[in-house]
Amino acid sequence: GLQCGDAGLADFAEHARLPRLKKLLLSANGITDTGAMALAQATGLPALETLYLFQNTVGSMGRAAVENSDRFRLSTLDLGERATGYSHTPGQTDVA
């Protein structure tokens, strides 16, 4: 990842105006609950359906914020939890 961290993600969340973006890959970027909660408040990502946050340290608070956000239409959230396996779209390698 680019190591944007929580501050970089918060800045992105505040300024992003990507109304047709459906997938966002943010793996290995030093993101914690703070960054995930900032992303959950983004107003410029209304079509977002798939969010990859694996290899970050997002915990239960960040997860809940993203899953319960009414700012986008999230149907897939990948935090890289081995208990449920990795969530990939068709055409990507499955890792369990």
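S.K.: Help me out: how do you make sense of the overall build of the protein in this one?
M.R.: On a plain count of helices and strands, the protein comes out with 3 helices and 3 strands. Sequence-ordered secondary structure for the protein, helices as α and strands as β, is α-β-α-β-α-β. Scored against the burial criterion, the 96 residues of the protein give a buried share of 41%. Considering only intrachain contacts with a sequence separation of at least 6, the fraction spanning at least 24 residues in the protein is 79%. Accessible surface for the protein amounts to roughly 5600 Å². Of this, 53% is attributable to carbon and sulfur atoms.

S.K.: In this structure, what is going on with the packing of aromatic side chains? I would like to understand it.
M.R.: To describe a pair of aromatic rings, you give the distance between the ring centres and the angle between the ring planes. Under the criterion given, the structure shown has 1 aromatic pair. For the ring pair Tyr-52 and Phe-54, a centre distance of 6.1 Å and an interplane angle of 80° mean the geometry is edge-to-face. Taking the relative accessible area as the measure of exposure, Tyr-52 reaches 5% and is therefore buried.

Conventions and cut-offs
Residues numbered from 1 in each chain as written. Predicted model: local features only at pLDDT ≥ 70, side-chain atom pairs only at ≥ 80, totals over all residues. Heavy atoms only, no water. Helix = DSSP H or I, 4+ residues; strand = E, 2+ residues; numbered from the N terminus. Buried < 20%, exposed > 50% of the residue type's maximum accessible area, 1.4 Å probe, protein only. Contact = heavy atoms within 4.5 Å. Areas by Shrake-Rupley, 256 points an atom, 1.4 Å probe, with all protein chains shown as cover. Phe/Tyr/Trp six-rings, centres within 6.5 Å; stacked < 30°, edge-to-face > 60°.

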